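# Structural overview
Next come the chains, spelled out residue by residue.
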Number of protein chains: 2
Amino acid sequence: MKQRLHTVAIVDDHLLLSGSLEKLINSFDGFKVLFHASNGKELQHKLKANGVAPDIVLLDINMPVMDGFETAAWLNENYPQIKFLALSMEDDEKVILKMLQNGAKGYLLKDIHPDKLKIALSEVMDRGYYHSEKVAATLLHSIQPSNKEVEVKFKENELTFMQLACSEMTYKEIADVMNLSPKTIDGYRQELFNRLHIKNRVGLVIYALKNNIIEI
Amino acid sequence: MKQRLHTVAIVDDHLLLSGSLEKLINSFDGFKVLFHASNGKELQHKLKANGVAPDIVLLDINMPVMDGFETAAWLNENYPQIKFLALSMEDDEKVILKMLQNGAKGYLLKDIHPDKLKIALSEVMDRGYYHSEKVAATLLHSIQPSNKEVEVKFKENELTFMQLACSEMTYKEIADVMNLSPKTIDGYRQELFNRLHIKNRVGLVIYALKNNIIEI
DNA sequence: GTTGTATTCAGGTAAAACCCTCTTGAAATA
DNA sequence: TATTTCAAGAGGGTTTTACCTGAATACAAC
């Protein structure tokens, strides 16, 4: 029985992967790759220029120029009929959640078996979504918060202070930049040191790194 | 004219990539994928078990269990007749050099065009090596050392000091642990601050992180 | 109104961190 | 032997951090 041909677009900056993925997907019965893009901006152009939109977009998260998050948000907004699957290396809980919140119909890890890709594509077309066991488990974990992660929140100013304190600036300089008195800055410092149980600025840098508040 | 079929093995922990790469390579005239492995250990087993060795190994660098460097060294030692190409995301100069020193016949970035892969495989079989323009440029850069990177080395004590300074310890405590006078520790600090052009301990932490002297 | 509570900032102090210069002693080298 | 080099460390200084307590303001809740 002949079924309708589903079209796929691949958005990934690794040409080697997207190129070979095309071969793989074209070998799947009922699927065909329509085009590639190496980042979100390129996808936008091609969608606008092409006239015809794909059924599914495979969307890499780590890309230059316009990354997966932005692209997801844009797709969701402008092409809600396109189903897109996030494609990523890591199974970072926060990242998965963010992509799903941005409308992704599924989350594929790059270490899945190629056969799984066909299953994923088919399920997305049939049921509207696909979730691997691994991702499902991660999601479950996220709604069953472990007793130790207390999910510390920071106010906007605290966050700014932390980021600046993780540079070589003195507190005086930070105060100038944030347009606050050095005494206020000292207040932030004290409050954070107490709350996070740290002894000095090095502790703050370490905390910020461990919690993805800053990057190196 | 019929040419001999060249065999390829793929070592990469991303099944999706290796699986689709297989399709791509099998579509190349004159090449065929013999088997996959998701890390170096698996490659060892399959080579020993298989009896027949591939002509070329495509070797990913970032893998769990046994990474590209170890695998390269082992291949070079035990199967010198197998030509292997390093496959990686980043074009880190040090990494490229290390792989080439370990006997890689070429270095492929994952963002190359699929057609380039065929060229690379062919050239490796014909000429014994393949180097893309990008990698060639990087290599050139490495033998023409830029005036600024002076390849900073550290003495054992300096390294220990740096690692301890990247914790919440005071210099006094570091002096105790290292069994040296606080004044000596202050000397290390001063010397490092000058050499690395940093202003305070936060700068040291950042430097240590960027240069893989410590990890978080 | 009053009672919270959050934000900003002040004064004061001790301890670290930071910086420069100098001595000593041992080892390497001329 | 004389000279240089270098790690360890000291003296003595300034600046920054770190810690405490308390006050003025503002805004919302009771």
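Here's what I pulled together on the structure shown here. Fair warning: this is a prediction, and the values are worked out from it, not measured in the lab.

### Quick look at the protein's contact with DNA strand C
Contacts to DNA strand C come from 16 residues, most closely from A:Thr184, A:Tyr188, B:Tyr171, B:Gln190 and B:Arg201. Of what DNA strand C places within 4 Å of the protein, 60% of the atoms are sugar or phosphate. The separation between a phosphate oxygen of DNA strand C and a polar side-chain atom of A:Asn157 is 3.4 Å. Between DNA strand C and B:Tyr171, the relevant distance is 2.5 Å, taken from a phosphate oxygen to a side-chain nitrogen or oxygen of the residue. Contributions of two or more residues to the surface near DNA strand C are made by α9 (182-196) of chain A together with α9 (182-196) of chain B. Ranked by residue count, the leading element in the surface near DNA strand C is α9(B), at four residues. For the surface near DNA strand C, the class distribution of residues is four nonpolar, six polar and six charged.

### Remarks on the protein's contact with DNA strand D
The local shell around DNA strand D holds 17 residues, among which A:Tyr171, B:Lys155, B:Lys183, B:Thr184 and B:Tyr188 are the closest. In DNA strand D, the atoms that sit within 4 Å of the protein are 60% sugar and phosphate, with bases accounting for the remainder. The side chain of B:Lys155 places a nitrogen or oxygen atom 2.6 Å from a phosphate oxygen of DNA strand D. At a separation of 2.3 Å, a phosphate oxygen of DNA strand D approaches a polar side-chain atom of B:Tyr188. Those elements that place two or more of their residues in the surface near DNA strand D are α9 of chain A together with α9 of chain B. Among the residues forming the surface near DNA strand D, the class breakdown is five nonpolar, six polar and six charged.

### Points about the side chain of B:Asp55
All names here are of chain B. Following the sequence through the fold, Asp 55 ends up in the loop between α2 (40-50) and β3 (56-60). Owing to a relative accessible area of 15%, Asp 55 belongs among the buried residues under this scheme. Separated by 2.8 Å, the side chain of Asp 55 and the backbone nitrogen of Thr 7 make a polar contact. In this structure, Asp 55 is in contact with Arg 4, Leu 5, His 6, Thr 7, Gln 81, Ile 82, Lys 83 and Met 125, ignoring residues within four places of it in sequence.

### Topic: the interface of chain A and chain B
In this assembly, 35 residues from chain A lie in contact with 35 residues from chain B. Each partner contributes to the roughly 3000 Å² buried at the junction of chain A and chain B, and carbon and sulfur atoms together form 76% of this total. Contact with chain B buries area across many residues of chain A, yet A:Leu16, A:Glu168 and A:Val202 alone supply 24% of it, more than any other trio. Inspection of the region where chain A meets chain B yields zero salt bridges. Connecting chain A to chain B are ten residue pairs in polar contact (both at pLDDT 80 or more). Looking at the side of chain A that touches chain B, the elements with two or more residues in it are α1 (15-26), α5 (114-127) and α10 (201-210) of chain A. It is α1(A) that provides the largest number of residues to the side of chain A that touches chain B, a total of eight residues. Here the residues of the side of chain A that touches chain B sort into 19 nonpolar, eight polar and eight charged.

### Some points on the sheet that holds strand β1 (residues 6-11) of chain A
Residues and elements named next belong to chain A. Pairing within the open sheet is parallel, and its five strands lie in the order β2-β1-β3-β4-β5. Each edge of the sheet is formed by a strand with only one pairing partner; in this case those strands are β2 (31-37) and β5 (106-109). In this sheet, adjacent strand axes meet at a mean angle of 25° when their direction is disregarded. Contacting β3 (56-60), β4 (83-88) and β5, helix α4 (residues 93-101) crosses the sheet at an angle of about 140° to β5.

### Observations concerning unusual backbone geometry
Phi is positive for A:Asn212, close to 55°, though the residue is something other than glycine. The topology assignment puts A:Asn212 in the segment after α10. In this structure, B:Asn179 is a non-glycine residue whose phi angle is positive, near 60°. On the secondary structure map, B:Asn179 appears in the loop between α8 (171-178) and α9.

### Considerations on helix α10 (residues 201-210) of chain B
α10(B) sits mainly inside the fold: eight of its ten residues count as buried. Every buried residue belonging to α10(B) is among B:Arg201, B:Val202, B:Gly203, B:Leu204, B:Val205, B:Tyr207, B:Ala208 and B:Leu209, and all of these are buried. Residues of α10(B) that are buried sit in contact with α7 (156-165) and α10 of chain A together with α7 (156-165), α8 and α9 of chain B. Its side-chain oxygen 3.2 Å from the backbone nitrogen of B:Val202, B:Asn200 forms the N-cap of α10(B).

### Things to note about the nonpolar core
Within the largest apolar cluster, 97 residues are counted, with the highest numbers of intra-cluster contacts made by A:Ile25, A:Leu75, A:Leu117, B:Ile25, B:Leu75 and B:Leu117. Sequence-distant contacts of B:Leu117, that is, excluding residues within four places in its chain, are made with A:Leu16, B:Leu21, B:Leu24, B:Ile25, B:Phe28, B:Leu58, B:Leu108 and B:Ile112. Residues A:Ala165, A:Ala208, B:Cys166 and B:Ile198 belong to the second largest nonpolar core, which totals 49 residues.

### Observations concerning the sheet that holds strand β5 (residues 106-109) of chain B
All names here are of chain B. The sheet built from five strands is open, its strands ordered β2-β1-β3-β4-β5 with parallel pairing. Strands with a single pairing partner mark the edges of an open sheet, and in this sheet they are β2 (31-37) and β5. On average, each strand axis in the sheet is tilted by 25° relative to the strand beside it, whichever way the strands run. Bridge count between strand β4 (residues 83-88) and β5: four bridges; the pairing is parallel.

Reading the values: rules and limits
- Residues numbered from 1 in each chain as written.
- Chains lettered and ligands numbered in written order.
- Predicted model: local features only at pLDDT ≥ 70, side-chain atom pairs only at ≥ 80, totals over all residues.
- Heavy atoms only, no water.
- Near = heavy atom within 4 Å.
- Polar contact = N/O pair within 3.5 Å; in protein donor to acceptor, adjacent residues only side chain to side chain.
- Helix = DSSP H or I, 4+ residues; strand = E, 2+ residues; numbered from the N terminus.
- Nonpolar A, V, L, I, M, F, W, Y, C, P; charged D, E, K, R; others polar.
- Buried < 20%, exposed > 50% of the residue type's maximum accessible area, 1.4 Å probe, protein only.
- Contact = heavy atoms within 4.5 Å.
- Buried area = accessible area lost by both parts, 1.4 Å probe.
- Salt bridge = Lys/Arg side-chain N within 4 Å of Asp/Glu carboxyl O.
- Pairing = 2+ DSSP bridges.
- Axes fitted to C-alpha atoms, helices over the stretch in contact; angles between N-to-C directions.
- Core = buried A, V, L, I, M, F, W, Y, C linked by side-chain atoms within 4.5 Å.

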